[in-house]
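# Observations on the model geometry
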There are 2 protein chains.
Amino acid sequence: MKHRARIADVASLAGVSVATVSRTLSNPDSVKPATRERVQRAIDELNYFMDGSARALASGHGHTVGMVVPTLDNSIFALAVQGLQTTLAAHGYQLLIAAHEYNLETEAQQVRALLETRIDALVLVGTHHAETTWDLVRRSRTPLLVAWAAHESYPSVAFDNRLIGQLAAEHLIALGHRQFGMISGYTRHNDRARQRAEGFIDTLRRNDIAFDKRNLIEQPFGFAGGRTGWARLMQLPVPPTAIFCGNDVLAMGCMFEAQKHGVQLPRDLSIVGCDNLPIVSHLPPGLTTVQLPTYELGIECAHSILEWIEKDVQPVSVCLDIELIVRGTTSHPPKMPTAISANK
Amino acid sequence: MKHRARIADVASLAGVSVATVSRTLSNPDSVKPATRERVQRAIDELNYFMDGSARALASGHGHTVGMVVPTLDNSIFALAVQGLQTTLAAHGYQLLIAAHEYNLETEAQQVRALLETRIDALVLVGTHHAETTWDLVRRSRTPLLVAWAAHESYPSVAFDNRLIGQLAAEHLIALGHRQFGMISGYTRHNDRARQRAEGFIDTLRRNDIAFDKRNLIEQPFGFAGGRTGWARLMQLPVPPTAIFCGNDVLAMGCMFEAQKHGVQLPRDLSIVGCDNLPIVSHLPPGLTTVQLPTYELGIECAHSILEWIEKDVQPVSVCLDIELIVRGTTSHPPKMPTAISANK
DNA sequence: CTGAAAGCGCTTACAG
DNA sequence: CTGAAAGCGCTTACAG
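What counts as what
- Residues numbered from 1 in each chain as written.
- Chains lettered and ligands numbered in written order.
- Predicted model: local features only at pLDDT ≥ 70, side-chain atom pairs only at ≥ 80, totals over all residues.
- Heavy atoms only, no water.
- Least-squares fit on C-alpha atoms with pLDDT ≥ 70 in both.
- Contact = heavy atoms within 4.5 Å.
- Buried area = accessible area lost by both parts, 1.4 Å probe.
- Salt bridge = Lys/Arg side-chain N within 4 Å of Asp/Glu carboxyl O.
- Polar contact = N/O pair within 3.5 Å; in protein donor to acceptor, adjacent residues only side chain to side chain.
- Helix = DSSP H or I, 4+ residues; strand = E, 2+ residues; numbered from the N terminus.
- Nonpolar A, V, L, I, M, F, W, Y, C, P; charged D, E, K, R; others polar.
- Near = heavy atom within 4 Å.
- Expected span 1.5 Å × (residues − 1).
- Buried < 20%, exposed > 50% of the residue type's maximum accessible area, 1.4 Å probe, protein only.
- Pairing = 2+ DSSP bridges.
- Axes fitted to C-alpha atoms, helices over the stretch in contact; angles between N-to-C directions.

## Things to note about the relation of the copies chain A and chain B
Copies of the same chain, two in number, are related to each other by a rotation about an axis and a translation along it. Least-squares fitting of chain A to chain B yields an RMSD of 0.1 Å, with the superposition described by an axial translation of 0.0 Å and a rotation of 180°. When the rotation and shift are considered jointly, the pair of chain copies conforms to a two-fold rotation axis. By residue overlap, the copies meet face to face through one surface: 100% of the interface positions of chain A are interface positions in chain B.

Given below as structure tokens:
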């Protein structure tokens, strides 16, 4: 045998019609057991593998969903993808994955490529996307699920990103802090980052605490961003005693840099991060963080999508619970801003 | 318009044949510019998106490759996947991804599902797979590329896992250590882990250093595994002064637990990990590690696959360079094993 | 429970 | 440079 066996080969070897082979494959119960067995033997003997593209074309859907994430190199997205993939696989669906590395144009390209693969549904992270991306989604009429943040017209599986900032602010205020800083990812093209910052700042203001724009440092995600952020904040006329970081990687960078300069956590400085990465619980205490159930987000996305595709009912948007995880914090801020030089 | 436009709709609106539309899409240069433009206008007007499954069926390949990794929740695999995906995307290919969470049976299922999607090629991590998996690959005749470890009959893009163990051993021997321990992932179903252990132990033996099997602790990957590993090693009659860990997560866990018990790194203990995770360079010095270029591995996999699929030439196996990254180590081991209780 | 046949939406020699 | 037509390998009413 030179080539892949086709369904017709199986049919003739088993002495049945192609329709019966097809049924054996997709709806075994509708075939008499004896026939089913003969078909199965023929399949094994011929090393028959169904051709997914032919099935997709004939049946009208490809059992495939596409997702494009900013990056896989962050537990937070990796876990969500894994939760999504695992759940989809259990229901016979495949996952096409793409990363755009925080470039919205790249994202649009990846989305276009995915849409031409006839995916049954598309998952995008957040609500801020290139106009091209929105246009493609609209035109293609592919079901779109928004993850991580709520959208007003598309269904979503989200976290309340403003609440994250609020929890951080409330926690730090309760500890007695009055001088705040924040280290964030770039908010311009990142709705999650923007909402977290807004939630934080609004909560401060609602508590009659002034927050100057200069106390918000925007940095690329990464340890280096956290380090730079800390250094910048310490150069302010009145350095903060409490810092909220947009995620744990920034928070750890901030912490590492502070410690390098002799700052004692949590005595001299309170830091709140976000994500509750596994490693955080292994580091010396001092880092409080907001836990986001991202693996569950992936699973939830899968359920929403399956319902949408298979029952044709547009899923309702859901918002997942988050939790502040406190790991050793002083009950009050230092009396006065610790005087520390940010120079090496 | 109720439904997705098809190529025939575009053709009639543009006043050309479907063949011409098809050419405009896949080989624009073979179409007169004026015609091309008319077709493009029709495409835009009708919101036409090509149906990937029909194209795949008609043309014979789906521009899709599949990869199944142990987990995405480890920078090391996430980076490789990202390198692979990015490179494939640049050449018009999609990536179907699946994770098996270190379960070989799950892997076999994922592989089966992928093979029925008519992927152009499959990437698997390592050489140890369920018999079912091998059988499926053979039967389906899908090009298989092995990543991370070399295989004798399939092409691979690999690291020399034995060399990793060897580098670690040589480094530690050169420092003057004579009592060694190793914390590894489970070697039974993991060829990378096994080869690293073998490389380490063989190098010790070649240097006339005895290594008792009990000094090899197998643990699940994770910080907890590293912690347990350290505790176990410290209970040995003669605790090691140097520990090689199968990866950085284990190494960090080992380090955290040692520090918790008052051990000073690198004064009292030398640890060597593997992977060179970004965070390692931010932790207090003391952790030496072996750097594996995993993003490059992903890119290299993509190139091998593209060559294989498009030129039909089976790629040659390649082995990527690795490098020992030393971050603060004593030049000699402690005079005698530090007496530390592993009890909490 | 099973079969014959139309059709899914493209691509690709083959002519012109 | 363009078109007519066969064919890719399945699924799915429709009959029986």
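## So, the interface of chain A and chain B
On the side of chain B, 55 residues touch chain A, which itself brings 55 residues to the contact. Note on chain A versus chain B: buried area summed over both sides is about 4,800 Å², and carbon and sulfur give 53% of it. It is A:Phe49, A:Arg139 and A:His282 that lose the most area in chain A upon contact with chain B, and together they represent 14% of the buried surface on that side. Applying the counting rule to chain A against chain B returns two salt bridges. The tally of links from chain A across to chain B stands at 28 residue pairs in polar contact (both at pLDDT 80 or more). Mapped onto the side of chain A that touches chain B, the elements with two or more residues apiece are helix H4 (52-59), helix H5 (75-90), strand S2 (94-99), helix H6 (104-115), helix H7 (131-140), helix H10 (223-234) and helix H11 (248-260) of chain A. No other element matches the eight residues that H5(A) contributes to the side of chain A that touches chain B. Of the residues contributing to the side of chain A that touches chain B, the split by class is 28 nonpolar, 16 polar and eleven charged.

## Points about the protein's contact with DNA strand C
If you check the shell around DNA strand C, you find 24 residues, and the closest are A:Thr20, A:Arg23, A:Thr35, B:Ile7 and B:Ser22. If you look at DNA strand C and keep only atoms within 4 Å of the protein, 68% of those are sugar or phosphate atoms. A:Ser17 is positioned with one of its backbone polar atoms (N or O) 2.9 Å from a phosphate oxygen of DNA strand C. Taken together, the elements giving at least two residues each to the surface near DNA strand C come down to helix H2 (18-26) and H4 of chain A together with helix H2 (18-26) and helix H4 (52-59) of chain B. In terms of residues, the surface near DNA strand C owes the most to one element, H4(B), which gives four residues. Here the residues of the surface near DNA strand C sort into twelve nonpolar, six polar and six charged.

## Considering helix H10 (residues 223-234) of chain B
Residues and elements named next belong to chain B. Relative to the 16 Å expected for twelve residues at 1.5 Å per residue, H10 spans 17 Å between its end C-alpha atoms, a close match to the ideal helical length. The element H10 is largely enclosed, with a buried count of nine among its twelve residues. All buried positions along H10 are accounted for by Phe223, Gly225, Gly226, Arg227, Gly229, Trp230, Ala231, Leu233 and Met234. For H10, the elements touching its buried residues are strand S6 (180-184), strand S7 (216-218), strand S8 (242-245) and helix H11 (248-260).

## Regarding the sheet that holds strand S12 (residues 323-325) of chain B
Residue and element names in this part refer to chain B. Read across the sheet, six strands follow the order S7-S6-S8-S9-S10-S12 without closing on themselves; strand pairing throughout is mixed. For this open sheet the edge positions go to S7 and S12, each flanked by a neighbour on one side alone. For this sheet, the mean angle separating the axes of adjacent strands, direction not counted, is 20°. Pairing of strand S10 (residues 287-291) with S12, which is carried by three bridges, proceeds in the antiparallel orientation. Paired with Val290 across the two strands is Leu324, which belongs to S12. Sheet strands in contact with helix H9 (residues 191-206) are S6, S8 and strand S9 (270-275), and its direction is about 175° off that of S6. On the sheet, H11 packs against S6, S8, S9 and S10 and is oriented at approximately 155° with respect to S9.

## Some points on unusual backbone geometry
The linkage connecting A:Leu265 with the following residue, A:Pro266, adopts the cis geometry, with an omega of -5°. Here A:Pro266 shows up in the loop between H11 and strand S9 (270-275). Residues other than glycine seldom take positive phi values, yet B:Trp148 does so here, at roughly 85°. Relative to the helices and strands, B:Trp148 resides in strand S4 (residues 144-148). Residue B:Trp148 is classed as buried on the basis of its relative accessible area of 2%.

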